[in-house]
Each structure stands twice: as C-alpha cells, then as structure tokens.
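# Geometric and topological summary
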Amino acid sequence: MWKVLTTTILLIVLTACETPSVKNRPGDGTVIIQMSRIGIDKVQFRHLDSVNAVRQARGLSTLSLNASLIRAAKSHASDMSAQNRPWHFGSDGSSPLDRLLSSGYSGKFIGENVSETFEDDFNTLDVWMTIPLSASIILDPNATQMGIAWHQDANGKIWWVQLIAS
C-alpha cells in the first residue's frame, strides 16, 4: 500500500516539473554561465546607500556623491582595465591625488579603494570592509563625499574604483 502511494506521489511530482531548458547547455551536461552587464543607472546610488548604512551603523555621518570624484574614478577604472591590473597608479604615472586635481576636485583627498572582480558592488564593498586600510578609508570620520565608478570588460570582469574625500 505505501509503495503504491509513494510511487503515485512521485509520478505526480515528476509530471508537475518542467523540463530544464537546454538552450544554455553545450550538450555535455554543463551549463554555460552568461555574464550579466551592469548598468550605470542606480548602481552608484545603491553603493552610496550601502556605504552610508555601514557608516551610520558606526555612528558616522553619511556621504554624498560628487561628480568630480566620479569622473576621476571612471577614468581610473578604464585605465586599470587597459593595464590589466588593479592598482592606484595610472598608465601615465598619475596618483589618485593627480586624478582628483585633473577632474576639478578641490577638497581633501582621503583615500581610494580599487578592485578587479566579477562581483557586484555589494560584494566588493564587503571585501573592502575586511581589508583594514580600505575599511579605514570608508569609515574615515572626516569623509563627506564619495565617487564610485567601474569599467566592465567584454568577459564580464569589473574594475571598481571608489574615491573618498572631504
């Protein structure tokens, strides 16, 4: 009796299941991962909200986005991609401070965080918060402004640059 009931339930469950789509399968059972493209709309504000939530949880004031910092971050993200390495110096030898000055920013530079990853801004912020120097830049009590930008390569790799200033 239980065997018949179990078999009947199993058949009902199996007939209710959809056959998986095979359009993303090369035929050998593996799945092809399709990289998603990130868009400029909302990412900067979402990242700002995340940074501000982290800061507020520690009793710090919130930051605002700054167009000059975003320009400097964007140019460096593209340049890191061209150099194929995440670091703080431009292919022309420029430093973060040089890029801020050339973008028209006149405030005080606090720090720059960079990353080479296939992850989104949430995961990138999580990683930065585990690195003492990066976290200290994000949590600097004197910070008032931020720029966040990225460059995404054709293979989906994302080059993130975050600038914090006051």
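Conventions we followed
- Residues numbered from 1 in each chain as written.
- Predicted model: local features only at pLDDT ≥ 70, side-chain atom pairs only at ≥ 80, totals over all residues.
- Heavy atoms only, no water.
- Helix = DSSP H or I, 4+ residues; strand = E, 2+ residues; numbered from the N terminus.
- Contact = heavy atoms within 4.5 Å.
- Areas by Shrake-Rupley, 256 points an atom, 1.4 Å probe, with all protein chains shown as cover.
- Patch = residues over 30% accessible without salt bridge, like charges linked within 9 Å, V, L, I, M, F, W, Y side chains within 5 Å.
- Salt bridge = Lys/Arg side-chain N within 4 Å of Asp/Glu carboxyl O.
- Buried < 20%, exposed > 50% of the residue type's maximum accessible area, 1.4 Å probe, protein only.
- Pairing = 2+ DSSP bridges.
- Axes fitted to C-alpha atoms, helices over the stretch in contact; angles between N-to-C directions.
- Left-handed = near helix turned anticlockwise from the far one by under 90°.
- Nonpolar A, V, L, I, M, F, W, Y, C, P; charged D, E, K, R; others polar.

## Let's talk about the overall build of the protein
- Helices and strands together make up the secondary structure of the protein, namely 6 helices and 4 strands.
- If you list the helices and strands of the protein from N to C, you get α-α-β-α-α-β-α-α-β-β.
- Taking the intrachain contacts of the protein between residues at least 6 apart in sequence as the baseline, contacts between residues at least 24 apart amount to 67%.
- On the protein, roughly 9,900 Å² of surface is accessible, and the fraction owed to carbon and sulfur atoms is 60%.

## Digging into a nonpolar patch on the surface
- Together, V127, I131 and L133 line one region of the surface with nonpolar side chains, adding up to about 260 Å² of accessible area.
- Relative to the helices and strands, I131 resides in the loop between α5 (121–130) and α6 (132–138).
- Taking relative accessible area as the criterion, I131 reaches 36% and is therefore assigned partly exposed.

## Concerning the sheet that holds strand β3 (residues 145–152)
- Here 4 strands make up an open sheet; going across it, the order is β1-β3-β4-β2 and the pairing mixed. Taken across any chain shown, the strands that pair with only one partner, and hence form the sheet edges, are β1 (64–65) and β2 (109–117).
- In this sheet, strand β4 (residues 158–165) lies alongside β2 in antiparallel orientation, the contact comprising 8 bridges. In the sheet register, N113 faces β4, and the bridge partner there is Q162.
- Against the sheet, helix α3 (residues 67–83) contacts β1, β2, β3 and β4, and its axis sits at roughly 30 degrees relative to β3.

## Brief notes about the packing of helix α2 (residues 43–57) against α5
- At their nearest, the axes of α2 and α5 sit 10 Å apart, and the two run at 35 degrees to each other. The handedness of the crossing between α2 and α5 comes out as right-handed. Along the contact surface, α2 presents V43, R46, H47, S50, V51 and V54, while α5 presents D121, F122, L125, W128 and M129.
- Grouping the amino acids of the contact of α2 with α5 by side-chain chemistry returns 7 nonpolar, 2 polar and 2 charged.

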